[in-house]
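Now for the letters of each chain:
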Amino acid sequence: MKSNELNQLQIQNDSLHGKLTNMRRRAQRRDAQQGFTLIEIMVVVVIIGILAALIGPQIMSKPDQARVQAAKSQIASLSNALNLYRLDNHNYPSTEQGLEALVKQPSGFPEAKNWDPEGYFANVPEDPWGNPYIYLSPGQEERRYDIISLGADGQEGGEGVAADITSYVNPEEEQAQN
C-alpha cells in the first residue's frame, strides 16, 4: 500500500508541478503583453510626425481652393440671375444700380419696367473672403458686364488664391485650359 500511496503522491505532485508551470507561463505572457516600451512609443510618434509633415500641407491648402471654387460658383449664379434680369427688362442693371438690382427693384436708368416682384436673387452674397463683388456694366473690353472678386488678398491682380476671379475668362486662362 505504501507504494500505491507513493505513486498517488507522485501523480499529484506531477499534476501540481504542471499546473504551476502553466500558471507561470500565463503570468509571463501577461507581463510581456502589458504595455509598450518607450522605444516603441517613440517610433510611433516619429512615424506620425513624418506623415503629418508630408500630408499636412496638402490638406491645409484645400480650404483656399474651396473658396476659389465657391467664388466661381457664386459668380456663375449671379451671371444667371443677371441674364434673367435682362430677359425681363431688356438691359442689365447699370454699375450704379449694381447687383442690388437683383434683390430689390432699382431706380434710375436703365429703368426696370418688368422687374420680377420676387426678385432674381435672395440676397447679394459677399465673396468667400468677406468682400463685396465688384459689378461693372458695361464691362471692360466691350463686355456687357463684369463680376469680379479680388481673391484672398482683396486687391487687384495677384496669383494663386490671391488672383482675381471674374465672370469672364482671360485669354491666358483659356489657353491654359486647352
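Just so we're clear, the structure is a prediction, and the values are computed from it rather than from any experiment.

S.K.: Is there a simple way to explain the packing of aromatic side chains in this structure?
M.R.: The description of an aromatic ring pair rests on the distance of the ring centres and on the angle between the ring planes. Counted under the stated rule, the structure contains four aromatic pairs. Joined through ring pairs, the aromatic side chains of Tyr-85, Trp-115 and Tyr-120 make up one cluster. The ring of Tyr-168 is capped by Arg-143, whose NZ or CZ atom sits 3.4 Å from the centre of that ring.

S.K.: Just to check I follow, could you spell out the pattern of salt bridges for this structure?
M.R.: Two side chains carrying opposite charge are able to pair once their charged atoms lie near each other. A full pass over the atoms with the stated rule returns three salt bridges. As a salt-bridge pair, Glu-141 and Arg-143 come within 3.7 Å of each other at their nearest N and O atoms. With its nearest N and O atoms 2.7 Å apart, the salt bridge here joins Asp-146 to Arg-143. Neither residue differs from the other here; Asp-146 and Arg-143 are each classed as buried. In this structure, a network of salt bridges that share partners links the residues Glu-141, Arg-143 and Asp-146.

S.K.: Would you take a moment to explain a nonpolar patch on the surface for this structure?
M.R.: The grouping of Ile-39, Val-43, Val-46, Ile-47, Ile-50, Leu-51, Leu-54 and Ile-55 at the surface amounts to a nonpolar patch, some 760 Å² of accessible area in total. Note that Val-43 resides in helix 2 (residues 38-60).

S.K.: Is there a simple way to think about helix 3 (residues 62-89) in this case?
M.R.: Structurally, the α-helix is built with 3.6 residues per turn, so residues lying three or four positions apart point the same way. For helix 3, with 28 residues, the first-to-last C-alpha span of 40 Å sits near the 40 Å given by 1.5 Å per residue. Packed against the buried residues of helix 3 are strand 1 (134-136), strand 2 (146-149) and strand 3 (165-166). His-90 occupies a position one or two residues after helix 3 and carries a positive phi of about 70°.

S.K.: Looking at this model, I keep getting lost on the nonpolar core. Mind explaining?
M.R.: Across soluble globular proteins, nonpolar side chains have a tendency to be buried as a group. Counting residues in hydrophobic clusters, the biggest one holds 20 residues, and the most contacted among them are Leu-82, Tyr-85, Leu-99, Leu-102, Tyr-133, Tyr-135 and Ile-147. Examining the composition of this core, we find that seven residues originate from one element, helix 3, more than from any other. Here Leu-99 is in contact with Leu-78, Leu-82, Val-124, Tyr-133 and Tyr-135, once residues within four sequence places are set aside.

S.K.: Whenever I open this one, the sheet that holds strand 1 confuses me. Can you help?
M.R.: Within a sheet, neighbouring strands are paired by backbone hydrogen bonds and run either parallel or antiparallel to one another. Spatially, 1-2-3 is the arrangement adopted by the three strands of the open sheet, whose pairing is antiparallel. In this open sheet, the two edge strands, each paired with only one partner strand, are strand 1 and strand 3. Two elements, strand 2 and strand 3, share two bridges in a ladder whose sense is antiparallel. Across the sheet, Ser-149 pairs through a bridge with Ile-165, a residue of strand 3.

Rules of the game
Residues numbered from 1 in each chain as written. Predicted model: local features only at pLDDT ≥ 70, side-chain atom pairs only at ≥ 80, totals over all residues. Heavy atoms only, no water. Phe/Tyr/Trp six-rings, centres within 6.5 Å; stacked < 30°, edge-to-face > 60°. Lys NZ or Arg CZ within 6 Å of the ring centre and 35° of its normal. Salt bridge = Lys/Arg side-chain N within 4 Å of Asp/Glu carboxyl O. Buried < 20%, exposed > 50% of the residue type's maximum accessible area, 1.4 Å probe, protein only. Patch = residues over 30% accessible without salt bridge, like charges linked within 9 Å, V, L, I, M, F, W, Y side chains within 5 Å. Areas by Shrake-Rupley, 256 points an atom, 1.4 Å probe, with all protein chains shown as cover. Helix = DSSP H or I, 4+ residues; strand = E, 2+ residues; numbered from the N terminus. Expected span 1.5 Å × (residues − 1). Contact = heavy atoms within 4.5 Å. Core = buried A, V, L, I, M, F, W, Y, C linked by side-chain atoms within 4.5 Å. Pairing = 2+ DSSP bridges.

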